[in-house]
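Listed below, chain by chain, are the residues.
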Amino acid sequence: MPDYPFIPLQTYAELPPQEMRERLNAFYENMQRRRTVREFSARPIPTGIIEQALRVAGTAPSGANLQPWHFVVVTGADTKHKIRIAAEEEEREFYAHRASREWLQALEPLGTDTDKPFLEIAPCLIAVFLQKFGYLPNGKKVKHYYPVESTGLATGFLITALHQAGLVCLTHTPSPMRFLNEILSRPKSERPFLLLVTGYPAEDATVPDIKRKPLEDFVSFIDSQVTAAR
Ligand code: IYR
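Residues numbered from 1 in each chain as written. Predicted model: local features only at pLDDT ≥ 70, side-chain atom pairs only at ≥ 80, totals over all residues. Heavy atoms only, no water.

1. Re the site of the ligand
Near the ligand the following residues occur: Arg-38, Glu-91, Phe-94, Tyr-95, Trp-103, Leu-107, Leu-110, Thr-112, Asp-113, Lys-116, His-172 and Thr-173. Measuring from a nitrogen atom of the ligand, one finds a side-chain N or O atom of Glu-91 at 3.1 Å. One nitrogen or oxygen atom from the side chain of Lys-116 is found 2.5 Å from an oxygen atom belonging to the ligand. Summarising the interface, the protein chains cover 75% of the accessible area of the ligand, which totals 380 Å² for the free molecule. Taken together, the elements giving at least two residues each to the shell around the ligand come down to helix 3 (77–98) and helix 4 (101–107). Here the shell around the ligand gets three residues from one element, more than from any other, and that element is helix 3. For the shell around the ligand, the per-class residue count stands at five nonpolar, three polar and four charged. (Near = heavy atom within 4 Å. Polar contact = N/O pair within 3.5 Å; in protein donor to acceptor, adjacent residues only side chain to side chain. Areas by Shrake-Rupley, 256 points an atom, 1.4 Å probe, with all protein chains shown as cover. Helix = DSSP H or I, 4+ residues; strand = E, 2+ residues; numbered from the N terminus. Nonpolar A, V, L, I, M, F, W, Y, C, P; charged D, E, K, R; others polar.)

Structure (structure tokens):
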């Protein structure tokens, strides 16, 4: 393992409580506007935006800092077409046979089906791969720790960054999605994790009127210290 020197925490900046609140409120206001979108415009994404959003993804914490992820950015019509054909094939199998009745019922409010036109319409598909193993600069093979959690975190950072940039995305999970390894020439050791469809929403895009749980429904405070006013 590489031997790192320890350096002062120069990047940290404490905020006064009022600024904490203001910044966080503004961030929440922005984040609560994020919606998963399934109808995309074909408009291209301005230069450099995807790269910068991916840099944000790369700042996520990871097990033993091994950064067990790989992202493939797809913008070409031919590759998008191949992905659509393969994904729709899997989805036909999913909706007709693989999904349980219960699962299909859970998906009903979202109105999803086997047709995935967005895979060709959207200007950019980002395939996220998870690496169970990696290689050190000296070529030595190393096991990755918590690759699922780490890749999930990096993907969350990416979704947040794309939203921050004013783009929308769809967290698409054709299942199984091994076809992505073949189409995108990724090694077998990498597991396709998610296909992030991204771009601008279609002008007439609609989304289901679903609600997010209020705080009380997903958080419990055992000790009130964290919320103590000061
Ligand atoms: N992969 C399928 C089904 C699907 C599954 C879940 I969980 C969703 O939240 C949405 C869809 C599809 O993409 O249609």
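2. Let's talk about the packing of aromatic side chains
For the coordinates displayed, the defined rule picks out two aromatic pairs. Between Phe-94 and Trp-103, the ring centres sit 4.8 Å apart and the planes meet at 85°, which makes this aromatic pair edge-to-face. Since its relative accessible area comes to 7%, Phe-94 is described here as buried. Accessibility expressed as a relative area gives 45% for Trp-103, which makes it partly exposed. Ring pairs connect the aromatic residues Phe-94, Tyr-95 and Trp-103, which therefore count as one cluster. Arg-43 extends its terminal NZ or CZ atom over the ring of Tyr-200, reaching a point 3.8 Å from the ring centre. (Phe/Tyr/Trp six-rings, centres within 6.5 Å; stacked < 30°, edge-to-face > 60°. Buried < 20%, exposed > 50% of the residue type's maximum accessible area, 1.4 Å probe, protein only. Lys NZ or Arg CZ within 6 Å of the ring centre and 35° of its normal.)

Interpretation in functional terms is not warranted from these geometric data alone.
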